[in-house]
Amino acid sequence: MTSLEPTPSPSRPAQSQSAQADAFRQMHAGGAVPLVLVNVWDAASAVLVENAGARAIATSSSAISWSLGFPDGSHVPPELAFDALRRIAAATSIPVTADIEAGYAGADGAFDDGRLRQTVAAVLAAGAVGVNIEDSGGASLTAVDEQARRISLVRGIAAEAGVPLFINARTDTYLSGQSGDSAFGETLARAEGYLAAGADGIFVPGVTDLHILHELSRRIPAPLNALAGVGSASVGELHDAGVRRVSIGGNAAKAAYATVSRVAAEILGDGNWSGLAGSPSHAEMDALFAAEAGSPGRPGAQRS
């Protein structure tokens, strides 16, 4: 049976939000390996990822959206996304960074600074110490100056709260249909504008070519985040290319849902239970949250 017990490690004393933010920032400083983030979508996935040895937790906006019954792309009601974030942050003891899509503040033509302020306030209230904010909230990429203004607003709100929030500025240049020199030049221009506005890192999804990643890392004076999955270069190869942060987006959630689909098809097809082999026990799942309940088991818990 698969064990869900945490990997043995020194006990981690509780840290203030600012201390966690500083620790999270240091994780991007380089070293033998990049910061690897297995993106999560609920409390259970967060605890499992932490127990596997993660240094930090990142949410996936797509995975959270799917888990709540919405397509990706700023369709989930913000209050539901914030509630998921609060549950994730409360369940873990390591730094959490939140994917806030384009800020849950409307598209370019109707962008609301007040709603962006509410989003950042909700992220900070949940205990998170980082955000991903993207420049593709509408039908096309947001103008560089406008996106830089939004990043500057996020930086100012966090500063008011006294939290050195790590702002990972995502640019979708390579996902917007651009390619070659056009996408490369646009990425560099956007990175320059976003960093000047207060961003701490640059996230460029859609790039898998190690040469391009190396050139981007060489030209961008900030930690570079790459999106990885099946078919991507190894973590070591990405590190050698200059990548300092690797995330997998909604891929862990897709793998989990693929398991549900496969098990359901087997059970509903020929009544084969083999897909359930190796699953954690009811007690092991409860144990993930025993500390939160204040006891080694919750009285009256359903045993089904």
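All of these numbers come straight from a predicted model, not from anything done at the bench.

Calculation rules
Residues numbered from 1 in each chain as written. Predicted model: local features only at pLDDT ≥ 70, side-chain atom pairs only at ≥ 80, totals over all residues. Heavy atoms only, no water. Helix = DSSP H or I, 4+ residues; strand = E, 2+ residues; numbered from the N terminus. Rg over C-alpha atoms; globule rule 2.2 N^0.38 Å. Contact = heavy atoms within 4.5 Å. Areas by Shrake-Rupley, 256 points an atom, 1.4 Å probe, with all protein chains shown as cover. Lys, Arg positive; Asp, Glu negative; His and termini not counted. Charge placed at Lys NZ, Arg CZ, Asp CG, Glu CD. Patch = residues over 30% accessible without salt bridge, like charges linked within 9 Å, V, L, I, M, F, W, Y side chains within 5 Å. Salt bridge = Lys/Arg side-chain N within 4 Å of Asp/Glu carboxyl O. Buried < 20%, exposed > 50% of the residue type's maximum accessible area, 1.4 Å probe, protein only. Pairing = 2+ DSSP bridges. Right-handed = clockwise from strand over helix to strand, strands pointing away. Axes fitted to C-alpha atoms, helices over the stretch in contact; angles between N-to-C directions. Left-handed = near helix turned anticlockwise from the far one by under 90°.

Q: Can you help me understand the overall build of the chain in this one?
A: The secondary structure content of the chain amounts to 12 helices and 8 strands. In terms of overall size, the chain behaves like a compact globule, its C-alpha atoms giving a radius of gyration of 20 Å where 304 residues would be expected to give roughly 19 Å. Along the longest, intermediate and shortest principal axes, the C-alpha atoms of the chain span 55 × 45 × 40 Å. Relative to all contacts within the chain whose residues are 6 or more apart in sequence, the contacts with residues 24 or more apart total 67%. As displayed, the chain offers around 14,300 Å² of accessible surface, 56% of which is attributable to carbon and sulfur atoms. Charged side chains in the chain number 20 positive and 31 negative. The centres of these two groups are separated by 3 Å.

Q: Just checking my understanding: could you explain a nonpolar patch on the surface for this structure?
A: A cluster of nonpolar side chains, Val36, Val38 and Val235, forms an exposed patch at the surface whose accessible area comes to about 180 Å². Along the chain, Val38 falls in the loop between strand E1 (35-37) and helix H2 (43-51). Given the relative accessible area of 33%, Val38 is considered partly exposed.

Q: Even after reading the chapter, I still don't get the environment of Thr119, so can you show me in this structure?
A: Positionally, Thr119 belongs in helix H5 (residues 113-126). Of the residues examined, Thr119 reaches a relative accessible area of 1% and is grouped as buried. For the pair Thr119 and His214, spaced 95 residues apart in sequence, the C-alpha to C-alpha distance is 33 Å. Leave out the neighbours within four places in its chain, and Thr119 touches Phe82, Ile100, Gly103 and Tyr104.

Q: Where do I start with the pairing of strand E3 (residues 96-99) in this structure?
A: A regular strand carries its side chains on alternate faces of the sheet. Of the two faces of E3, the one carrying Val96 and Ala98 and the one carrying Thr97 and Asp99 are both buried. Taken together, the 2 bridges between strand E2 (residues 57-58) and E3 define a ladder with parallel strand orientation. The partner of Ile57 across the bridge, within E3, is Val96. When E3 meets strand E4 (residues 130-134), the two strands line up parallel, connected through 3 bridges. Directly across from Asp99, in E4, lies its bridge partner Asn132. In terms of handedness, the path from E3 via H5 over to E4 forms a crossover that is right-handed.

Q: Is there a simple way to think about the pairing of strand E5 (residues 166-170) in this case?
A: Counting buried positions along E5 gives 5 out of 5 residues, so the element sits mostly inside the fold. In E5, alternate side chains face the same way, and those of Phe166, Asn168 and Arg170 on one face and Ile167 and Ala169 on the other are all buried. Pairing of E4 with E5, which is carried by 5 bridges, proceeds in the parallel orientation. Across the sheet, residue Gly130 finds its bridge partner in E5, namely Phe166. Crossover handedness for the path E4 to helix H6 (residues 144-161) to E5: right-handed. Relative to strand E6 (residues 201-203), E5 runs parallel, the two being bridged by 3 bridges. Residue pairing for E6: Ala169 is matched across the bridge by Ile202. Of the crossover connections in this fold, the one passing from E5 over helix H7 (residues 180-196) to the parallel E6 is right-handed.

Q: Got a minute to help me understand the packing of H6 against H7 in this structure?
A: When two helices pack together, their arrangement is given by the angle between the helix axes and by the axis-to-axis distance. Viewed as axis vectors pointing N to C, H6 and H7 meet at an angle of 35°, and their least axial separation amounts to 9 Å. Regarding H6 and H7, the two cross each other, and that crossing is right-handed. Contact residues: H6 offers Val144, Gln147, Ala148 and Ile151, while H7 offers Glu186, Ala189, Arg190, Gly193 and Tyr194.

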